[in-house]
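As a plain string of letters, each chain reads:
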Amino acid sequence: MDGLVADGFLLIGGPLGDGHETLNLVEAEDEDAARRRFSEDPWADADLSRWAR
């Protein structure tokens, strides 16, 4: 996640409710670009980050 912040992609993020979910604000061309960028992150590979809507 630090790399996403350093790259200017992840603008702000933090836990919601009981802390089992987070909300992230990102800078991306569109939803597909955001999904691609998150899918490349090591957190996604470790199943620590999932896309929900």
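The structure contained in this document is the topic of the report that follows. Small disclaimer: the values here were computed from a predicted structure and weren't measured.

Moving on to the layout of surface pockets. Where empty space is left in the structure can be found by rolling a water-sized probe over the atoms. When its volume is computed, the largest pocket comes out at roughly 750 Å³. Lining the largest pocket are 24 residues, and of these Thr 22, Asn 24, Arg 50, Trp 51 and Ala 52 sit closest to its centre. When residues of the lining of the largest pocket are traced back to their parent elements, those giving at least two are strand 1 (10-16), strand 2 (21-26), helix 2 (31-39) and helix 3 (42-45).

Where nonpolar side chains cluster on the molecular surface, the patch consists of Leu 11, Ile 12 and Leu 25 and spans about 300 Å² of accessible area. Positionally, Ile 12 belongs in strand 1.

This brings us to the pairing of strand 2. Here strand 1 pairs with strand 2 via six bridges, running antiparallel. Bridge pairing in strand 2 links Gly 14 to Leu 23. Where strand 1 folds back onto strand 2 in an antiparallel hairpin, the turn is made up of four residues, including Gly 17, whose phi is positive at roughly 50 degrees.

Reading guide: rules and limits
- Residues numbered from 1 in each chain as written.
- Predicted model: local features only at pLDDT ≥ 70, side-chain atom pairs only at ≥ 80, totals over all residues.
- Heavy atoms only, no water.
- 1 Å grid on protein atoms, 1.4 Å probe; cavity = no way out; pocket = protein on both sides within 12 Å on 5 of 7 lines; lining within 4 Å.
- Points joined across faces, edges and corners; volume = space filled by probe spheres on them.
- Helix = DSSP H or I, 4+ residues; strand = E, 2+ residues; numbered from the N terminus.
- Patch = residues over 30% accessible without salt bridge, like charges linked within 9 Å, V, L, I, M, F, W, Y side chains within 5 Å.
- Areas by Shrake-Rupley, 256 points an atom, 1.4 Å probe, with all protein chains shown as cover.
- Salt bridge = Lys/Arg side-chain N within 4 Å of Asp/Glu carboxyl O.
- Pairing = 2+ DSSP bridges.

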